[in-house]
Amino acid sequence: MKNINYRASPNKSLGNAGIQGSERNLEKIRRVAQEHRLAHQYFVGDLVMIKNIDTTPGFSKKHIPKFKGPYKIKKSLSNDRYVITDVEGFQVTQIPFDSVHESKNMKPWIKI
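Position numbers for residues start from 1 in each chain and track the written sequence from start to end. Local features are withheld for residues below a pLDDT of 70 in this predicted model, meaning they are given only at 70 or higher, and side-chain atom pairs are given and counted only at 80 or more; totals for whole chains, interfaces and linings count all residues. Only hydrogens and water are set aside when side-chain values are computed; all heavy atoms of the structure are taken into account.

Trainee: I'm lost on the overall build of the chain in this one. Help?
Mentor: Here a helix means four or more residues in a row that DSSP labels H or I, a strand means two or more in a row labelled E, and each is numbered from the N terminus. Scanning the chain from N- to C-terminus turns up one helix and five strands. For the chain, the α and β elements follow one another from N to C terminus as α-β-β-β-β-β. Note on contacts: a residue pair qualifies if any of its non-hydrogen atoms lie within 4.5 Å across the two residues. In the chain, the proportion of contacts linking residues at least 24 apart, taken out of those at least 6 apart, comes to 44%. Accessible area for the chain stands at about 9900 Å²; split by element, carbon and sulfur atoms hold 55% of it. Method for areas: the Shrake-Rupley scheme with a 1.4 Å probe, in which residue coverage is limited to the protein chains shown.

Right, here's the structure in full:
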């Protein structure tokens, strides 16, 4: 009976195919990373809408709007975060709204 070496590299018989395959994988990883959606840049004074995260028990989330607004950007922070405040004349509650939000949870307010 012949000795079979099961630990032999499968790429030895293919020559440089293993190296070419890893290069193709790296190219694919780079392409996907470049296609990744970049965060939207907002500036102080821009009007935005924020994602509505309402956790009221007993109320169907199917019927609440996905975004609420308009809100005004008061200050820009690091890591795509912004300080959001109420717009004058659009304050809904008695307590003024002042909060920090990420750009992934906001979208621009559309002006018509």
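Trainee: Sorry if this is basic, but what is going on with the sheet that holds strand E4 (residues 98-102) here?
Mentor: Strand pairing in a sheet relies on backbone hydrogen bonds, with the paired strands running either antiparallel or parallel. The pairing criterion for strands is at least two bridges between them, as found by DSSP. Sheet architecture is open: five strands sit in the order E4-E3-E2-E1-E5, paired in antiparallel fashion. If you trace the sheet from one side to the other, it starts and ends with E4 and strand E5 (106-108), each paired once. Averaged over all adjacent pairs, the angle separating strand axes in this sheet is 50°, with direction ignored. Each axis is a line fitted through C-alpha atoms, and for a helix only the stretch in contact is used; angles between axes span 0 to 180 degrees, taken between their N-to-C directions.

Trainee: Could you clarify how one ought to interpret the pairing of strand E1 (residues 47-51) in this entry?
Mentor: Consecutive side chains of a regular strand alternate in pointing toward one face of the sheet and then the other. As judged from the four bridges shared by E1 and strand E2 (residues 67-76), these two strands associate in the antiparallel manner. Within E2, the position partnered with Leu47 by the bridge is Lys72. Across three bridges, the pairing between E1 and E5 is antiparallel. Each bridged residue has a counterpart across the sheet, and for Ile50 the counterpart in E5 is Met106.

Remember, this is a structural readout, not a statement about activity or role.
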